[in-house]
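Architecture and fold: a report
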Amino acid sequence: MQYSGKTDVGMKRSVNQDNFSIKEYAPGILLAVVCDGMGGARGGFEASSTATESFVACMDSFVESHITEQHTIECTDSQIHRALRRAAFTSNKAVFQRSEEDASLRGMGTTLVCVLVVGSTVYTANVGDSRMYIVRAGEIEQITHDHSYVQYLVDIGRLSAEEARSAQNRNIITRAVGTESSVDADVFVTEVDSGDEPAYVLLCSDGLTNHIGEEELAEIISSGEEINAKTDTLVQRANKYGGSDNITAVVIQL
């Protein structure tokens, strides 16, 4: 398994409020997390860094208690689902408590998207509008479902997907880590059988997807570039198109 991650402040912001983490526990077992903070320069960074650290620590405890000498995880899908939701809940509690302790951080929060890769199975959890995609044979599929006002309008038929991309209120999210005393994460399971071609996971903040469409994302990720160059190209392209927000991209080749 190969992987690469990059975060960038973008062209308009003075502070990077995104955070990410990638941790490989054993060959074929990997955890990656991307968080996009909100709540002012200090609050956004505090929220995303706190959530990332808390989530990884919680998953460390779970994985290390279930990993075998044969580099597999000995547990059921439902146990992994519960572990991911528990880690999101724990992260939410950490961010919420921090905001309660410091008046200058009140109202801060963060998106969170993560994957736990176990062989050819990808477990995904998300809160907010940071996304996870699978890219196979040049085709891209969004696995997560945005928790955003614009996505809600798409879901009820008030906006098309194309209209949503340019909607003025597209950055309003309806669920976040740390803004309330508890939160529920959505969890997805994807079996990835790429055949003769490599398959990729993309985790990203909306600073990437606000500027680069899915077809272009698939083209960059499916290119012959080595994996670090893929994340570099993603960030460079988003900045070239305006870089209106912080940009984070994590690419994992399965």
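So, how was this worked out
Residues numbered from 1 in each chain as written. Predicted model: local features only at pLDDT ≥ 70, side-chain atom pairs only at ≥ 80, totals over all residues. Heavy atoms only, no water. Helix = DSSP H or I, 4+ residues; strand = E, 2+ residues; numbered from the N terminus. Rg over C-alpha atoms; globule rule 2.2 N^0.38 Å. Buried < 20%, exposed > 50% of the residue type's maximum accessible area, 1.4 Å probe, protein only. Contact = heavy atoms within 4.5 Å. Areas by Shrake-Rupley, 256 points an atom, 1.4 Å probe, with all protein chains shown as cover. Lys, Arg positive; Asp, Glu negative; His and termini not counted. Charge placed at Lys NZ, Arg CZ, Asp CG, Glu CD. Salt bridge = Lys/Arg side-chain N within 4 Å of Asp/Glu carboxyl O. Pairing = 2+ DSSP bridges. Axes fitted to C-alpha atoms, helices over the stretch in contact; angles between N-to-C directions. Core = buried A, V, L, I, M, F, W, Y, C linked by side-chain atoms within 4.5 Å. 1 Å grid on protein atoms, 1.4 Å probe; cavity = no way out; pocket = protein on both sides within 12 Å on 5 of 7 lines; lining within 4 Å. Points joined across faces, edges and corners; volume = space filled by probe spheres on them. Nonpolar A, V, L, I, M, F, W, Y, C, P; charged D, E, K, R; others polar.

Right, let's get into the overall build of the chain. Each helix and strand in the chain was counted, giving seven helices and eleven strands. Relative to the compact-globule value of 18 Å for 254 residues, the chain shows a C-alpha radius of gyration of 17 Å, a close match. With the C-alpha coordinates aligned to their principal axes, the bounding extent of the chain is approximately 50 × 40 × 35 Å. In the chain, which comprises 254 residues, the share counted as buried stands at 53%. Counting contacts in the chain only where the partners sit at least 6 residues apart, residues at least 24 apart contribute 70% of the total. Of the roughly 11300 Å² that the chain leaves accessible, carbon and sulfur atoms contribute 44%. Positive and negative side-chain charges of the chain, numbering 20 and 37 respectively, have mean locations separated by a distance of 6 Å.

With that settled, the discussion passes to the environment of Glu 53. Its location among the elements puts Glu 53 in helix α1 (residues 40-66). When its relative accessible area of 58% is taken as the criterion, Glu 53 is described as exposed. C-alpha separation for the pair Glu 53 and Phe 20, spaced 33 residues apart in sequence, amounts to 9.3 Å.

Counted by the stated rule, this structure contains nine salt bridges. The salt bridge involving Lys 23 is made with Asp 60; its shortest N-O contact spans 2.9 Å. Here the residue Lys 23 occupies a position in strand β2 (residues 18-26), and Asp 60 occupies one in helix α1, the gap between them amounting to 37 residues. Overall, Lys 23 belongs to the partly exposed group, its relative accessible area being 28%. Its relative accessible area of 14% is what places Asp 60 among the buried residues. Residues Asp 146 and Arg 131 are paired through a salt bridge, measuring 2.7 Å at the closest nitrogen-oxygen approach. A residue pair is termed long-range when its members are at least 10 positions apart, and Asp 146 in the loop between β8 (139-142) and α3 (149-155) and Arg 131 in strand β7 (residues 131-136) qualify at 15 residues.

Let's shift gears to the sheet that holds β8. The strand order across the open sheet built from five strands is β1-β11-β10-β7-β8, with neighbouring strands paired in antiparallel fashion. Since the sheet does not close on itself, it has two edges, and those belong to β1 (2-8) and β8, each with one partner. Taken over all neighbouring pairs, the strand axes of this sheet differ in orientation by 15° on average, direction set aside. In this structure, β7 lies alongside β8, joined through four bridges in antiparallel fashion. Across the sheet, the residue bridging to Tyr 133 is Gln 142, located in β8. Relative to β1, helix α7 (residues 227-240) is tilted by about 25°, and along the sheet it contacts β1, β10 (199-204) and β11 (247-253).

The next point concerns the pairing of β2. Note that β2 and strand β3 (residues 29-38) share eight bridges and pair antiparallel. Counted as the bridge partner of Glu 24 is Leu 30 from β3.

Okay, the nonpolar core next. Core analysis: the biggest nonpolar cluster contains 34 residues, and Leu 31, Val 33, Phe 55, Met 59, Leu 84 and Leu 116 have the highest contact counts within it. Elements with a contribution of two residues or more to this core: β2, β3, α1, α2 (77-101), β5 (112-118) and β6 (121-127). Looking at this core, the element that brings in the most residues is α1, giving eight residues. Setting aside anything within four residues of it in sequence, one finds Phe 55 in contact with Leu 31, Val 33, Leu 84, Ala 87, Ala 88, Ser 91, Leu 112 and Cys 114. Core analysis: the second largest hydrophobic core is formed by 19 residues, Leu 202, Leu 208, Ile 227 and Ala 238 among them.

Attention shifts here to the layout of surface pockets. Estimated volume of the largest pocket: approximately 470 Å³. Secondary structure elements with two or more residues in the lining of the largest pocket: β7, α3, α4 (161-166), α5 (206-209) and α6 (214-221). Partitioning the lining of the largest pocket into residue classes produces seven nonpolar, seven polar and eight charged. In this structure, the second largest pocket occupies an estimated 240 Å³ of space. Every residue lining the second largest pocket is counted, 13 residues in all, and those nearest its centre are Asp 36, Met 38, Asn 171, Asp 206 and Asp 245.

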